[in-house]
Each structure stands twice: as C-alpha cells, then as structure tokens.
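A structural walkthrough
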Amino acid sequence: MLLSKVISFSIPQKSTLTGLLQVRAKNYLNRPRLRNPVWFVRKERTVHDELITPENTSFVKEVLYERYGPSALIKGVLTFDQSKSSLIKSEELPPVQWQPGMKRTGVIAKKIGQYPLWRKDGTKIRTTLLQIIDNHVVKYIPPEEFEPPREPNQKRNWKNPYDSGVIPKQHLCRFIISPEARILPGTPLNVTHFRVGDFVDVRGKTVDHGFQGVVKRHGFKGMPASHGVTKTHRRPGNIGAGGAKARVWPGTKMPGHMGNRWRNLRGLKIWRINTKYNVMWVQGSNIAGDTNGLVYIYDTILPLRKYKEAPAFPTHFASENDSYADEDFWHEDIHNFKDGSITFKEE
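The structure contained in this document is the topic of the report that follows. Computed from a predicted structure; not experimentally measured. Position numbers for residues count from 1 along each chain, tracking the sequence in the order it is written. The predicted origin of the model limits local features to residues at a pLDDT of at least 70 and limits the giving and counting of side-chain atom pairs to 80 or more, whereas totals for whole chains, interfaces and linings rest on all residues. Calculated side-chain values reflect all of the structure's heavy atoms, with hydrogen atoms and water omitted.

With that settled, consider the side chain of Thr127. By the element assignment, Thr127 lies in strand β5 (residues 124-131). Here a polar contact means two N or O atoms within 3.5 Å. Within protein one must be a hydrogen donor candidate and the other an acceptor candidate, and residues neighboring in sequence count only if both atoms are side-chain atoms. Within the local environment of Thr127, its side chain forms a polar contact with the backbone oxygen of Tyr115, the two atoms lying 2.4 Å apart. Two residues qualify as a contact provided that any one of their heavy atoms is within 4.5 Å of a heavy atom in the partner residue. Discounting chain neighbours no more than four positions away, the residues touching Thr127 are Gln114, Tyr115, Leu117, Trp271, Trp281, Val282 and Gly284. By the criteria applied, helices consist of DSSP H or I runs no shorter than four residues and strands consist of E runs no shorter than two, each listed in order from the N terminus.

Right, let's talk about the nonpolar core for a bit. Within this scheme, the nonpolar core is defined by two criteria: the residues are buried Ala, Val, Leu, Ile, Met, Phe, Trp, Tyr or Cys, and they are joined through side-chain atoms within 4.5 Å. Relative accessibility under 20% of the residue-type maximum defines a buried residue, over 50% an exposed one, and the middle range a partly exposed one, all with a 1.4 Å probe and only protein chains included. Grouped together as the largest cluster of nonpolar side chains are 30 residues, with contacts concentrated most on Leu130, Ile132, Phe194, Val200, Val202, Met280 and Ile297. Among the secondary structure elements, those contributing two or more residues to this core are β4 (107-118), β6 (135-140), β7 (171-175), β9 (199-205), β12 (262-274), β13 (279-283) and β14 (294-299). Ranked by residue count, the leading element in this core is β14, at four residues. In this view, Met280 contacts Thr128, Leu129, Leu130, Ile132, Val191, Phe194, Ile270, Arg272, Ile273 and Ile297; residues no more than four positions away in its chain are not counted. Counting seven residues, the second largest nonpolar core, distinct from the first, contains Trp271, Val279, Trp281 and Ile334.

Attention now goes to the packing of aromatic side chains. Between 30 and 60 degrees the pair is tilted, below 30 it is stacked and above 60 it is edge-to-face, where a pair is any two Phe, Tyr or Trp rings, Trp via its six-membered ring, whose centres lie within 6.5 Å. The final tally for this structure, using the stated rule, is three aromatic pairs. Here the aromatic rings of Trp118 and Phe337 are separated by 5.9 Å at their centres, their planes lie at 90 degrees, and the arrangement is edge-to-face. Taken together, the positions of Trp118 in strand β4 and Phe337 in the segment after β15 (328-330) put the pair 219 residues apart, joining distant regions of the chain. The exposure class of Phe337 is exposed, given its relative accessible area of 56%. Pairing Phe175 with Tyr296 gives two aromatic rings, centres 6.3 Å apart and planes at 85 degrees, and the pair type is edge-to-face. Taken together, the positions of Phe175 in strand β7 and Tyr296 in strand β14 put the pair 121 residues apart, joining distant regions of the chain. Its relative accessible area of 7% is what places Phe175 among the buried residues. Members of the aromatic cluster, joined through ring pairs, are Phe175, Trp262 and Tyr296. Distance and angle both matter: a charge sits over a ring if NZ of Lys or CZ of Arg is within 6 Å of the ring centre and within 35 degrees of the ring normal. Directly above the aromatic system of Trp249 lies the positively charged group of Arg247, at a separation of 4.4 Å from the ring centroid. Its guanidinium or amino end placed over the ring of Trp281, Arg272 lies 4.0 Å from that ring's centre, counting from NZ or CZ.

With that settled, consider the pairing of β5. It is a general feature of regular strands that their side chains alternate between the two faces of the sheet. Among the eight residues that make up β5, six are buried, leaving the element largely enclosed by the rest of the structure. At least two DSSP bridges between two strands are needed for those strands to be called paired. Here eight bridges tie β4 to β5, and the two strands are oriented antiparallel to one another. Within the sheet, the bridge partner assigned to Pro116 lies in β5 and is Arg126. Turn length for the β4-β5 hairpin, with the two strands adjacent in sequence and antiparallel, is five residues, and the turn residue Gly122 shows positive phi of about 95 degrees.

Now the structure itself:
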C-alpha cells in the first residue's frame, strides 16, 4: 500500500458584520451580497498571527533547509525541494515491466473549476479542471505488514507509520497498489502520472447542505399555493402505505441531511493536460465537491476502459531530456484554439 500526501489550501476565515434592523419594509428583498467568489484567496495573507520574531523565523528556515532542502517554486506552488533531503533513503528500485492487472498509485488533486472544450466537429464538452500539486510519496507498507482499517475501539499496532523524512503534510490518503508498483518515499507525483485519453475514477465528498426538506433534497414539486391548500406547500404529503401494511416503506424520500457523502465517478476521460501548472481537464461537470475541495484520482476499475497499453509505471519520473516540460497536450478529437478555425465539410 502506498501513502501520498498533499498540502491543502485553506481559505481565510470570513468576518461578518451583524446588526439589528428595527423596521422591515414590506417590499424588502433578499438581494445577493456582492462578495468575492469562493476560490478568490488574497495572496500572502495569514489567518493567525503567531508573533514569531525575525530571529526565530530565520532559525526555522535554516532547520527546514537542512531537513528538507531549499525552498523552491515547483509547478506554481512554493514548496521544498526534497530531492537533497538526507532523511530520504537514496535507494534505487529495479525497473518493472507493466502487466495487465497491476494497480498503480493514485494522486490527490484540487478541484479548481469547470471549463468547456469543443471537438473538431463543433460538439461542446463540459469538463472539470483538477490540479495535482505538491504530492509526495510518504511511505510504502508491504503486504505482510499491511493492516486493514479496524473499528474505532480496537487497538492498532502501528508505530510511527508516517515518519519517513518527508516534510509534514496536512492531508493523507492511502492507495492500495500492487507490490510491483512500489515507489520510494519522497518521490513527487504530478499530472504526468496520467496521459491524455486515459480513463480515471474520481472520488470526492459532496457539498454539505445540512438538514433540508424534500423540495431541495429530492426535487419534489410541492403542493399548490392556493385552492384549499393550507400550510403544506413544501411538504412531502402522504408517506405511509394503506391496508394491512400500515407502515412506511424503507427508502422513502423524506427530509434529512443533504450532502457530505463520498461519491465516486467511474471512467472519466482526460481530454487535456497542462504540465506547467499540473492541471488536467476531465470529462463531466458533476464531480463531487465544492471549488477548492480535494478529490482522489486513480486508474479506472471499469473493465472496458482499463489500460490496453502500458502506462507510466509505476509513475512518470522526470529527466533532463523530458518532453513534458511546460507544455499543453490535447486529445486528437479536441480543437486547439491556437490552431486554425473549425471547418465543416458537407457529407
């Protein structure tokens, strides 16, 4: 099993101004408040002032430099170059040839928005942008040492399972892999782990809406606004069964908690990849989660959409003669607007 971590991007806390309105006019409307969008984050802004002196700040930077290497701007994110870290073992794994049925590791991505693409025949495709940044392998647990998740009350025998010399991260995720797909701790994972045209599965948590009624939760129409209807405009109506049953059937759509559930989307196609900012354009606009939310991406498990040819196994390792540096890769069916205009031919 392989562990991967990524630094999340926290949004500064919002400050609200509370007041009391003494007189409320009859024509009062709940107009939308003009605020910055959710994904707008002010640069170089700290949520909590830790009151650290300049001497202590320089000392912390020296310690981080000795343990994790110098700070560097990698793929548009300020992080640490951990290639020179002395805590990561400098061991080399023998090359392994990919075989059908082998399972690679996944990555942690950030959902940053939606964007349309067009095929060369003019068909519009709705896609979601997923950014894979600052992913590093934390540890590999061999099959003989792996313990599956247990109940909360049961004790675990793990001793520092995440202490591997990689800089501490905020988010962790475990991926079940084949022993042949082992990767050393400290290895970076980026968007070149996948290729244009691959099919992936995306796992995310839906937006938390709290307790909601049947109109918003299940899309009920509701009852008429007049003609004898009293105080039942947005209610579900009858929920029971008559006759000898005299009970509520299991699975009846009723009010309850909406959202905050893990959802998987299978077999999403990758239409475009940008290696400069580590962004991929994935098929569909219904990936679970809000903007700036985290999702997990891994190779699809659908039988008809699995790899027919060998992927980058166990992952793509950057080299000096790498052709992936700061480039855009488009699917052959997608129109690149840097090229000529779309033309149509009569059949």
